[in-house]
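# Summary of structural features
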Amino acid sequence: MDETRPPSRLFALRGPDQRAELMLGALVCATVGLLIAMIVFVFAKGWPSFQHNGLSWFSAGGNVNDQLSSILTSGESGDASNYTLHAWPLLWSTFLVTGIAVAIAFVTSLLVSVFIVEFAPEWMRNILQPVVRLLASVPSVIYGLLGVLVLVPFIGNHLVGESSKNSVAHVVQIGGYGLGTAVLILTVMIAPLCISIFCDGLRAVRRGWIEGSLAVGVNRWRTFWKIAVRTARPALVAGIVIATARALGEAVMLAMVAGIGFAPNPRDGGIFLVEPAQPLAPTIIKNTDALVSPNGKATLFAIASVLLFSAAMLSFAGWAAKRSMRKYGATA
């Protein structure tokens, strides 16, 4: 009898653990199922647009704003075959706005994080940390409102001269709404998020490694940069992936300050920074009226499909980059 009691007790103890494990497993399976269902639904709804345009969907040609307007009115005119869209200006604007903002945010956030974690006095650190968290939680519409009321008028009235406006007037009207405004505000939006994640990663580095380097005479800056930052690489990758995903999906603020669909041309010189740029996400916001038309609905879902695919590739790239950094395991 005594020999049979321990197994029964063990089973009784494992019962709640097994139930919790099954519940968590079911929750994970449900989450994955919902994700797959969402991907299939979005791509299925957007497929007619890709089917009618083929690879030309990703090319340049014509005015993308007129094309979107024509697709919108196709529901009223009964033209069920009008799916024509050459989305290169939207794709190029997405790449420029997101890429430039993420690059600037990464460099500035890393330097700020190193300062906060290692060099800032205790009283300053206690102030900066809640301020960074507050900035990271500010709704994007607030940033957009500040951009429209402050930054756009300032750029349009003081930084863009009449000669610059006239030089491209035959192609596009320029002012405060444009690439530079969108990049600046988006950088301010995603930088606090990067700083928060970078700081957590840098704090997770074993302090003994840093103290050992200092003990052999290496200066403080070189020690922290070569040991702490190098060891925190997985956390830096995670932060930049999350920030890039946030930038890709930002719609409200960019719809307010970025301008119309246009492909800014770097060959135009400095005026390139004030040329209008409309990424993919705000295009959906600005054309929600198109959902009443089957053609417009398919077009917006096609745009959403590209955003969803980009986010998936970004996540995969971050995963692959972190796997290659397994030896830096302190913060992975």
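Residues numbered from 1 in each chain as written. Predicted model: local features only at pLDDT ≥ 70, side-chain atom pairs only at ≥ 80, totals over all residues. Heavy atoms only, no water.

### Points about the overall build of the protein
- Along the backbone of the protein there are 13 helices and 0 strands.
- Ordered by position in the sequence, the α and β elements of the protein form the string α-α-α-α-α-α-α-α-α-α-α-α-α.
- Computed over C-alpha atoms, the radius of gyration of the protein comes to 25 Å, more than 25% over the 20 Å expected from 2.2 N^0.38 for 332 residues, which places it beyond the range of a compact globule.
- Of all 332 residues assigned to the protein, the portion counted as buried reaches 41%.
- Considering only intrachain contacts with a sequence separation of at least 6, the fraction spanning at least 24 residues in the protein is 79%.
- Within the protein, one finds 24 positive and 16 negative side-chain charges whose respective centroids are separated by 11 Å. (Helix = DSSP H or I, 4+ residues; strand = E, 2+ residues; numbered from the N terminus. Rg over C-alpha atoms; globule rule 2.2 N^0.38 Å. Buried < 20%, exposed > 50% of the residue type's maximum accessible area, 1.4 Å probe, protein only. Contact = heavy atoms within 4.5 Å. Lys, Arg positive; Asp, Glu negative; His and termini not counted. Charge placed at Lys NZ, Arg CZ, Asp CG, Glu CD.)

### Some details on the pattern of salt bridges
- By the definition in use, this model includes 3 salt bridges.
- The closest approach of N and O atoms between Asp 200 and Arg 203, which form a salt bridge, is 3.5 Å. Taken together, the residues Asp 200 and Arg 203, both in helix α7 (residues 179-203) and 3 residues apart, mark about one turn of the helix.
- Taking relative accessible area as the criterion, Arg 203 reaches 37% and is therefore assigned partly exposed. (Salt bridge = Lys/Arg side-chain N within 4 Å of Asp/Glu carboxyl O.)

### What to know about the packing of helix α3 (residues 88-119) against helix α9 (residues 220-231)
- At their nearest, the axes of α3 and α9 sit 12 Å apart, and the two run at 110° to each other. The angle between the axes of α3 and α9 places the two elements in the roughly perpendicular class. Pair α3 / α9 crosses with right-handed handedness. Contacts from Leu 110, Leu 111, Val 114, Val 117, Glu 118 and Phe 119 of α3 reach α9 at Arg 220, Trp 221, Phe 224, Trp 225 and Val 229.
- Residues of the contact of α3 with α9, tallied by class, amount to 9 nonpolar, no polar and 2 charged. (Axes fitted to C-alpha atoms, helices over the stretch in contact; angles between N-to-C directions. Parallel < 35°, antiparallel > 145°, perpendicular 65-115°, else oblique. Left-handed = near helix turned anticlockwise from the far one by under 90°. Nonpolar A, V, L, I, M, F, W, Y, C, P; charged D, E, K, R; others polar.)

None of this, on its own, says anything about what the molecule does.
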